[in-house]
Amino acid sequence: MEPVYRLVGADADGEDRAVEAPLRPTDLDGFIGQERVREQLDLVLRAARARGATADHVLFSGAPGLGKTTLSMIIAAEMGAPFRITSGPAIQHAGDLAAILSSLTEGEVLFLDEIHRMSRSAEEMLYMAMEDFRVDVVVGTGLGATPIPLELPPFTLVGATTRAGLLVPPLRDRFGFTAHMEFYAPAELERVIHRSARLLDVAIEPEGAAEIAGRSRGTPRIANRLLRRVRDYAQVKADGVVTREVASAALAVYEIDGRGLDRLDRAVLGALLSLFGGGPVGLSTLAVAVGEERETVEEVAEPFLVREGLLARTPRGRVATPAAWAHLGLAPLPQGDPGTGQQGPFGAGSGGHVASPPPRQRPPRR
Ligand SMILES: Nc1ncnc2c1ncn2[C@@H]1O[C@H](COP(=O)(O)OP(=O)(O)OP(=O)(O)O)[C@@H](O)[C@H]1O
Ligand SMILES: [Mg+2]
């Protein structure tokens, strides 16, 4: 599937990678939200420091952009240890891993991003390294192949994954501490936005931050990205200050609505409601109606719609929830009405089932 660029996508884009570093909190106190993870991690690190030992291996799981890499760097900083970064896809052979492990220094924090994408042979080497701080490096091939044991200095492995379900139990079990990162509450995202605004030297009012937070899909990376776009708008079209009105107008330009849905999300929901009476409708049919690939609808648009309780995946097909009707300002069809199929997917049209004014419409979110 071609990657689909979206302003509200959670994966890091090129600009994110370039500008995120200075926005990362560098210690646990500066890390916003994730209270439970922070408290538990604080104990793990304090205890290790008190013992003068290396911290236990740590696994972070959770959706993109929630702070896994940031927390990994914080672990190294809090332990006063060097930090090294690699990733599952970069380790295709056990030898790749052996090269990294054999060059670690005592106490070093090795961050293994996308750990679920490591090759199986490397994974087995990692088990032994994590447990016994030892690897067998195989020298020679065929009958002459000999494993040479190599002692490693104690180190801390920090693994990160967006797909915890893909980790095999023997690997998962070797982490002393496992943390699952949750989506952030709007109030936490407001704090993230205020913090980033300070670092970026952007003047922002509390209502402006709240407006951006509400559209950031529970994800700090998206909050920071929307803040940058709103800042641009504030500079060009206003006096540089991010007020509620400025934030709202800026995000309207980018077609991000009050709940963080973008054009694609609304096209999918709109088609489901106005062409198919709210479903159930099969994924392929829905995708054709929206003019997108099946995978785009299923993997790009639907996860957030499901999370928001706007769309349900049922054995009979996709179904809109009452919240979806309300969000698009449409009235649900009476039961049994097959729908006219006449209306375009983007809101009020000629379809007879669009009430005017819509009785269930909620006030626009501000
Ligand atoms: N708790 C937080 N407080 C402040 N900023 C945060 C927090 N969590 C994440 N961020 C910011 O969000 C951005 C993305 O965070 P990070 O790169 O750590 O996410 P990730 O979970 O590693 O994502 P991915 O799965 O894509 O690797 C960073 O710029 C970081 O500054
Ligand atoms: Mg990361």
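Residues numbered from 1 in each chain as written. Chains lettered and ligands numbered in written order. Predicted model: local features only at pLDDT ≥ 70, side-chain atom pairs only at ≥ 80, totals over all residues.

With an unreviewed UniProt entry as reference, the protein is termed Holliday junction branch migration complex subunit RuvB, source organism Streptomyces viridosporus T7A. A UniProt comment under Subcellular location (unreviewed entry) is attached to the protein, and it reads "Cytoplasm". One UniProt comment on the protein, placed under Sequence similarities (unreviewed entry), says "Belongs to the RuvB family." (UniProt positions renumbered as here; feature names shortened; annotations may be inferred.)

This part takes up the pairing of strand β1 (residues 58–61). Of the two faces of β1, both are covered, the one formed by Val 58 and Phe 60 as well as the one formed by Leu 59 and Ser 61. Inspection of the sheet shows β1 paired to strand β6 (residues 156–161) by four bridges, in the parallel sense. Its bridge partner being in β6, Val 58 is matched across the sheet by Val 158. Bridge count between β1 and strand β7 (residues 177–180): four bridges; the pairing is parallel. Looking at the pairing, Val 58 lines up with Phe 177 of β7. (Buried ≥ 20, exposed ≤ 12 C-beta atoms within 10 Å, placed from the backbone. Helix = DSSP H or I, 4+ residues; strand = E, 2+ residues; numbered from the N terminus. Pairing = 2+ DSSP bridges.)

The linkage connecting Gly 279 with the following residue, Pro 280, adopts the cis geometry, with an omega of 5°. The phi dihedral of Glu 114 is positive, around 45°, even though this residue is not glycine. By the element assignment, Glu 114 lies in the loop between β3 (109–113) and α5 (120–132). Its 17 C-beta neighbours within 10 Å are what place Glu 114 among the partly exposed residues.

Bringing the nonpolar core into the picture now. One finds Ile 75, Leu 97, Leu 110, Ala 122, Met 125 and Val 158 to be the most contacted residues of the largest nonpolar core, which totals 34 residues. Of all the elements in the fold, those that place two or more residues in this core are α2 (35–51), β1, α3 (68–79), α4 (94–101), β3, α5 and β6. When residues of this core are assigned to their parent elements, the largest contribution, five residues, is made by α5. Residues in contact with Leu 110, not counting those within four places in the same chain, are Arg 84, Leu 104, Phe 155 and Leu 157. (Core = buried A, V, L, I, M, F, W, Y, C linked by C-beta atoms within 7 Å. Contact = placed C-beta atoms within 7 Å.)

Attention shifts here to the UniProt feature "binding site: ATP" (unreviewed entry) in the protein. The UniProt entry lists Leu 23, Arg 24, Gly 65, Lys 68, Thr 69, Thr 70, Glu 131, Asp 132, Phe 133, Arg 174, Tyr 184 and Arg 221 under the feature "binding site: ATP" (unreviewed entry), expressed in the numbering used here. Among the structural elements, Leu 23 can be located in the loop between α1 (14–19) and α2. Leaving out residues up to four positions away in the same chain, Leu 23 has contacts with Ser 196, Leu 199 and Asn 224. Among the secondary structure elements, Phe 133 is positioned in the loop between α5 and β4 (134–139). Since 16 C-beta atoms lie within 10 Å of it, Phe 133 is described here as partly exposed. Not counting the four nearest positions on each side in its chain, Phe 133 is found in contact with Glu 151, Leu 152 and Pro 154.

Attention now goes to the packing of helix α7 (residues 186–200) against helix α8 (residues 206–213). Look at α7 against α8: their axes get within 8 Å of each other, and the N-to-C directions meet at 120°. In this view, α7 runs oblique relative to α8, as classed from their interaxial angle. The way α7 lies across α8 gives a crossing that is right-handed. Together, Pro 186, Leu 189, Glu 190, Ile 193 and His 194 of α7 and Ala 209, Ala 210, Ile 212 and Ala 213 of α8 make up the contact between the two elements. Per-class residue counts for the contact of α7 with α8 are seven nonpolar, one polar and one charged. (Axes fitted to C-alpha atoms, helices over the stretch in contact; angles between N-to-C directions. Parallel < 35°, antiparallel > 145°, perpendicular 65-115°, else oblique. Left-handed = near helix turned anticlockwise from the far one by under 90°. Nonpolar A, V, L, I, M, F, W, Y, C, P; charged D, E, K, R; others polar.)

In the vicinity of ligand 1 lie 21 residues, with Glu 20, Gly 67, Lys 68, Thr 69 and Thr 70 positioned nearest. Those elements that provide at least two residues to the shell around ligand 1 are α3 and α9 (220–237). Class assignment for the residues of the shell around ligand 1 results in nine nonpolar, seven polar and five charged. (Near = placed C-beta within 6 Å.)

So, on to the environment of Leu 328. Tracing the backbone through its elements, the reader meets Leu 328 in helix α14 (residues 322–328). Taking C-alpha positions, Leu 328 is 8.9 Å from Leu 273, a pair spaced 55 residues apart along the chain.

Before going further, it helps to spend a moment on the sheet that holds β3. An order of β2-β3-β6-β1-β7 is seen for the five strands of this open sheet, with the pairing classed as parallel. Strand pairing shows two members of the sheet lacking a second neighbour, β2 (83–87) and β7, which therefore form its edges. For this sheet, the mean angle separating the axes of adjacent strands, direction not counted, is 15°. Across the sheet, α3 is in contact with β1, β2, β3 and β6; its angle to β6 comes to roughly 165°.

If you trace the backbone, Arg 266 turns up in helix α11 (residues 263–274). Each C-alpha atom, one on Arg 266 and one on Ala 324, is 9.6 Å from the other, the two residues being 58 residues apart in sequence. Those residues within four positions of Arg 266 in sequence are excluded, and the remaining contacts are Asp 257 and Leu 261.

Once that is clear, we can look at α3. When the terminal C-alpha atoms of α3 are compared, their 17 Å separation across 12 residues agrees well with the 16 Å that a helix rising 1.5 Å per residue should span. Those residues of α3 that fall on the buried side of the exposure criterion are Lys 68, Thr 70, Leu 71, Ser 72, Ile 74, Ile 75, Ala 76 and Glu 78. The inward-facing, buried residues of α3 abut α2, β1, β2, β3 and β6. Directly beyond the C-terminal end of α3, a positive phi value near 60° is found at Gly 80. (Expected span 1.5 Å × (residues − 1).)

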